[in-house]
Amino acid sequence: MKARRKQTAPPPPEAGEARIAALLAEKRLFKASAAFRRQANCRDPNVYARSARRPLEFWAAWARELEWARPWKKVLEWKPPQAKWFVGGKLNASVNCLDRHVRAGSRRRTKAALLWEGEPGDRRTYTYWDLYREVNQFANVLKRLGIRKGDRVAIYLPLIPEAAISMLACARLGAIHSVVFGGFSAEALKDRINDARAKLLITADGGYRRGSVLPLKQYADEALAACPSIENVVVVKRGGQEFPVHIREGRDHWWHRLLQDAPAWCPPEAMDSEDALYILYTSGTTGKPKGIVHTTGGYLVGCLATTRWVFDLKEDDVFWCTADIGWVTGHSYTVYGPLAAGTTTVMYEGAPDWPARDRFWDICERLGVTVFYTAPTAIRAFMKWGAEHIQKHDLSRLRLIGTVGEPINPEVWVWYHETVGGGRCPVVDTWWQTETGHILITPLPGLTALKPGSATFPFPGIAAEVVDAHGKPVAVGGGYLVLTRPWPGMLRGIWGNPERYRAAYWSRFPGLYFTGDGAKKDKDGYFWLLGRVDDVLNVAGHRIGTAEVESALVDHKAVAEAAVVGVPHEVKGEAIAAFVTLKDGTGHYDELVEELKEHVVKKIGALARPERIIFSADLPKTRSGKIMRRLLRDIATGRALGDVTTLADPSVLDTLKGRYAEDAE
Ligand code: WTA
């Protein structure tokens, strides 16, 4: 293909500051090469108009690509805020991700479904046939342990193939999986297991992260001390003697032992299109994470459509989405989307800078990655580490690169396009959420003229608007991002809490789904995402509720009150600053700072560790007693103070400002 560089060509130069500035100053649109456009999966610009006229037909056409045990009777039943997609249809997600390809002829059957690499360098390759067999076997194991349709299974694993196998095995039986990110603490795991009342936990002896071992089974044991619903635990042996584990007879079982004599075929459960496929916990504006519920038919349709059109995947592509399986991106674009599309998907267990800062590029070169999808926080780190780590490797097979998770600033976008993409790969900046299930705002790489920093347009079949405070659409300008029509992969609710579902998403603007994000639309109709407008932080692409961190802090015996805000951070995008009032009055206790940070790590996980803790005798509050976070944010970022007319005791501010400045020195 013309667009690909020859193996011998010199690597592209790093886009330095001057070049980035010059490219941005040109204000040109970045278009894919003619060769890319010619081969693109979606090259018909009429798809937007057509799908807007007949969105249900558009989605039904995608649904027909899947295999149904019984066809649907009706595409959509919409009783706001409850949507049902492909009503009456029956299907199984594991059949669509595996059996369908295994039956499609020897080429697909023996094709690599999963290329996995562990952090220490161990590698495993699963063909579709291999994966199909292991999923069937493990489904039989789960069955033998009493797991049935509708039961909840918690998965707390490192990024190893068993994570995908566990998810698909649950799907085969119709059990609902709840994956908990391996970076979450024992307490966070316990809360999630108990909220879902999971019957079984799948974990591992440990996992590797930056050369050291995360003792997952040990954390799991701590959690299980207070998880009465768990009957059995399956433990994957990830390592050797490095991972000493305690096995409790009768409750804990080694994965490899159970698999030894498990039958190779497990009949799939025909699931109703609207049966739950999984629960995934995410942060909201209260201290308690929300169990987002996704169902089977619509979710798979949305994942398949976006995987094919946004990532432009062909039979020979090797697709690497770098997200951990503990986040929705890992669910939709490491497992369900790529496997439904019959792609080769890549999984890497460890850190991007282990053993060196070129680990990702080394993997891209050795595995021949063609489409690469990562987060802006990672790109900012790569940029800081310098282009030499990239230039060491032949990345000429890359043909498309993407980002997700937070707004990407135009400079970083251009650097990514030039330095990683060699100036030839289109960049797909994809906006979506745990709740949306799949990508909703995104370029179509063969069609869309790109503007660095803009996620461009709603995917065909998706209706999004920017609205003002009254819910009125803004033609050009800023406001709140809402979705005005249901879409196939949308969440169907919050596990065990229908009222919160309504309140969190459907009450701000009646009849519209409120995303919690600010956005603006420019004169050409491009969408620009501006970050959260609620009390949710985005730290290194991870969603963390300010209220969660606050309740973790208040849980400490010395703390009377806490208020948490996000402050800009060069690599993480946002970092956590916490203002804390102590029970025995004010004081500047250095040793307490570390203790409180550790306490948050213990309650939530390392991802929520506050960057700064500032003690204060008081917190600024409105007369009705609400903490004025906006003011704290202004203090923490050193900005001029906003409106203080509602402040109960204005002198609090001066004290706080002084304290923060002192702390920053
Ligand atoms: C943010 C991750 C700007 C946004 C898939 C959203 C983005 C939250 C983008 C969801 C993007 C995600 N540009 N912001 N391309 N993608 N976000 O649930 O604030 O972990 O509401 O899902 O991430 O985070 P979540």
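Above this note sits the structure.
Here goes a summary of the coordinates provided.

Calculation notes
- Residues numbered from 1 in each chain as written.
- Predicted model: local features only at pLDDT ≥ 70, side-chain atom pairs only at ≥ 80, totals over all residues.
- Heavy atoms only, no water.
- Helix = DSSP H or I, 4+ residues; strand = E, 2+ residues; numbered from the N terminus.
- Rg over C-alpha atoms; globule rule 2.2 N^0.38 Å.
- Contact = heavy atoms within 4.5 Å.
- Areas by Shrake-Rupley, 256 points an atom, 1.4 Å probe, with all protein chains shown as cover.
- Near = heavy atom within 4 Å.
- Polar contact = N/O pair within 3.5 Å; in protein donor to acceptor, adjacent residues only side chain to side chain.
- Disulfide = S-S within 2.5 Å.
- Buried < 20%, exposed > 50% of the residue type's maximum accessible area, 1.4 Å probe, protein only.
- Expected span 1.5 Å × (residues − 1).
- Pairing = 2+ DSSP bridges.
- Axes fitted to C-alpha atoms, helices over the stretch in contact; angles between N-to-C directions.
- Core = buried A, V, L, I, M, F, W, Y, C linked by side-chain atoms within 4.5 Å.
- Parallel < 35°, antiparallel > 145°, perpendicular 65-115°, else oblique.
- Nonpolar A, V, L, I, M, F, W, Y, C, P; charged D, E, K, R; others polar.
- Phe/Tyr/Trp six-rings, centres within 6.5 Å; stacked < 30°, edge-to-face > 60°.
- Lys NZ or Arg CZ within 6 Å of the ring centre and 35° of its normal.
- Right-handed = clockwise from strand over helix to strand, strands pointing away.

1. Describing the overall build of the protein chain
Reasoning step 1: Summing up its helical and strand segments, the protein chain has 22 helices and 30 strands in all.
Reasoning step 2: Computed over its C-alpha atoms, the radius of gyration of the protein chain comes to 25 Å, within 12% of the 26 Å expected for a compact globule of 665 residues.
Reasoning step 3: Projected onto the principal axes, the alpha-carbon positions of the protein chain cover approximately 75 × 65 × 55 Å.
Reasoning step 4: Residue pairs at least 24 apart in sequence account for 72% of intrachain contacts in the protein chain once pairs closer than 6 positions are excluded.
Reasoning step 5: Carbon and sulfur atoms provide 52% of the accessible area of the protein chain, an area that totals close to 25300 Å².

2. A word on the environment of Tyr-480
Reasoning step 1: Relative to the elements of secondary structure, Tyr-480 occurs in strand β22 (residues 477–483).
Reasoning step 2: Once the C-alpha coordinates of Tyr-480 and Val-328 are considered, the two residues, 152 residues apart in sequence, prove to be 23 Å apart.

3. Details of the site of the ligand
Reasoning step 1: Looking at the ligand, there are 17 residues lining it, with Asp-429, Thr-430, Thr-434, Arg-532 and Arg-543 nearest.
Reasoning step 2: Take Gln-433: an N or O atom from its side chain is 2.9 Å from an oxygen atom of the ligand.
Reasoning step 3: Contacts to the ligand include Arg-543, whose side-chain N or O atom sits 2.8 Å from an oxygen atom.
Reasoning step 4: Bound to the protein, the ligand loses 96% of the 530 Å² it would expose on its own.
Reasoning step 5: Elements represented by at least two residues in the shell around the ligand include exactly α13 (328–340), β20 (427–430) and β25 (527–532).

4. A look at the state of the cysteines
Reasoning step 1: Following the criterion strictly, the structure yields zero disulfides and no others.
Reasoning step 2: Here Cys-42 stays free of any disulfide, with the sulfur of Cys-303 as its closest cysteine sulfur at 18 Å.
Reasoning step 3: Take Cys-42: its relative accessible area is 4%, and that puts it in the buried class.
Reasoning step 4: With no disulfide of its own, Cys-303 lies 8.7 Å from the sulfur of Cys-97, the closest cysteine sulfur.

5. Notes on helix α7 (residues 128–144)
Reasoning step 1: For α7, with 17 residues, the first-to-last C-alpha span of 24 Å sits near the 24 Å given by 1.5 Å per residue.
Reasoning step 2: Taken residue by residue, α7 has Tyr-128, Leu-131, Tyr-132, Val-135, Asn-136, Gln-137, Phe-138, Ala-139, Asn-140, Val-141 and Leu-142 as its buried positions.
Reasoning step 3: Two residues or fewer after α7 comes Gly-146, characterised by a positive phi angle close to 90 degrees.

6. Concerning the sheet that holds strand β30 (residues 612–615)
Reasoning step 1: Spatial ordering of the open sheet is given by β28-β29-β30, a layout of three strands whose pairing is mixed. Across the chains shown, the open sheet's two edge strands, defined by having one partner strand only, are β28 (559–569) and β30. Each adjacent strand pair in this sheet contributes to an overall mean axis angle of 25 degrees, direction not counted.
Reasoning step 2: Judged from the four bridges that link them, strand β29 (residues 573–582) and β30 form a sheet pairing that is parallel.

7. Focus: helix α20 (residues 590–603)
Reasoning step 1: Helix length check: α20 (14 residues) gives 21 Å between terminal C-alpha atoms against 20 Å at 1.5 Å per residue, within 8%.
Reasoning step 2: What α20 keeps buried is the set Leu-592, Val-593, Leu-596, Lys-597, His-599, Val-600, Val-601 and Lys-603.
Reasoning step 3: On its buried face, α20 is in contact with α9 (186–196), α19 (546–554), β28, β29 and β30.
Reasoning step 4: Two residues or fewer past α20, Gly-605 is found with a positive phi of approximately 145 degrees.

8. Some points on the nonpolar core
Reasoning step 1: Residues Trp-59, Phe-138, Ile-202, Phe-311 and Tyr-336 are the most contacted members of the largest nonpolar core, which totals 119 residues.
Reasoning step 2: Looking at this core element by element, the count peaks at nine residues for helix α8 (residues 161–173).
Reasoning step 3: Ignoring any residue separated from it by four or fewer positions in sequence, one finds Tyr-336 in contact with Ala-93, Cys-97, Met-167, Leu-168, Ala-171, His-177, Leu-277, Tyr-278, Tyr-299, Leu-300 and His-331.
Reasoning step 4: One finds Leu-216, Leu-224, Ile-576 and Leu-596 within the second-largest nonpolar core, a separate group that totals 43 residues.

9. Remarks on the packing of helix α1 (residues 17–26) against helix α17 (residues 410–420)
Reasoning step 1: It is the contact of α1 with α17, at a shortest axis distance of 10 Å, that shows an interaxial angle of 105 degrees. Taken together, the axis directions place α1 and α17 in an arrangement best described as roughly perpendicular. Residues Arg-19, Ile-20, Leu-23 and Leu-24 of α1 form the contact with α17, whose participating residues are Pro-410, Glu-411, Val-414, Trp-415 and Glu-418.
Reasoning step 2: Of the residues belonging to the contact of α1 with α17, the class tally is six nonpolar, no polar and three charged.

10. Quick notes on unusual backbone geometry
Reasoning step 1: With an omega of 0 degrees, the peptide bond between Pro-80 and Pro-81 qualifies as cis.
Reasoning step 2: Along the chain, Pro-81 falls in the loop between β1 (74–79) and β2 (82–87).
Reasoning step 3: Residue Pro-355 is reached from Trp-354 by a cis peptide bond, and omega for that bond is -5 degrees.
Reasoning step 4: Looking at the element boundaries, Pro-355 is found in the loop between β17 (344–348) and α14 (359–367).
Reasoning step 5: Although it is not a glycine, Phe-86 adopts a positive phi angle of roughly 55 degrees.
Reasoning step 6: Looking at the element boundaries, Phe-86 is found in strand β2.

11. Concerning the sheet that holds β20
As a general point, the strands of a sheet are linked pairwise by backbone hydrogen bonds and lie either parallel or antiparallel.
Reasoning step 1: One open sheet holds the seven strands; their spatial order is β5-β4-β17-β16-β18-β19-β20, and the pairing between them is mixed. The open sheet has two edge strands with one neighbour each: β5 (123–127) and β20. Neighbour-to-neighbour, the strand axes of this sheet turn through a mean angle of 15 degrees, independent of strand direction.
Reasoning step 2: Relative to β17, strand β4 (residues 112–117) is paired through four bridges, and the arrangement is parallel. Note that in β17 the partner of Leu-115 across the bridge is Val-346.

12. Here's the deal with the packing of aromatic side chains
Two aromatic rings are characterised by how far apart their centres lie and by the angle between their planes.
Reasoning step 1: Overall, the coordinates contain 45 aromatic pairs when judged by the stated rule.
Reasoning step 2: Judged by centre distance (5.4 Å) and plane angle (55 degrees), the ring pair of Trp-361 and Phe-372 falls under tilted. Highlighted residues: Trp-361 in helix α14 and Phe-372 in strand β18 (residues 371–374), separated in sequence by 11 residues. Residue Trp-361 shares its accessibility class with Phe-372, and that shared class is buried.
Reasoning step 3: By the ring-pair criterion, three or more aromatic residues cluster together here, those being Trp-320, Tyr-348, Phe-360, Trp-361, Phe-372, Phe-382 and Trp-385.
Reasoning step 4: A cation over a ring is seen here: Arg-192 above Phe-184, with NZ or CZ 4.3 Å from the ring centre.

13. Some points on the pairing of strand β7 (residues 176–179)
Reasoning step 1: Residue alternation in β7 divides its side chains into two sets, Ile-176 and Ser-178 and His-177 and Val-179, and both sets are buried.
Reasoning step 2: Pairing of strand β6 (residues 152–156) with β7 involves four bridges; the strand directions are parallel. Along β7, the bridge assignment pairs Arg-152 with Ile-176.
Reasoning step 3: At this point the chain moves from β6, through α8, to the parallel β7, and the crossover so formed is right-handed.

14. Focus: the environment of Ala-93
Reasoning step 1: As for its position among the elements, Ala-93 is in helix α5 (residues 93–102).
Reasoning step 2: Measuring from C-alpha to C-alpha, the distance between Ala-93 and Pro-80 comes to 26 Å, with 13 residues separating the pair along the chain.
Reasoning step 3: Once you skip the residues sitting within four places of it in the chain, Ala-93 turns out to touch Ala-171, Leu-277, Thr-296, Leu-300 and Tyr-336.

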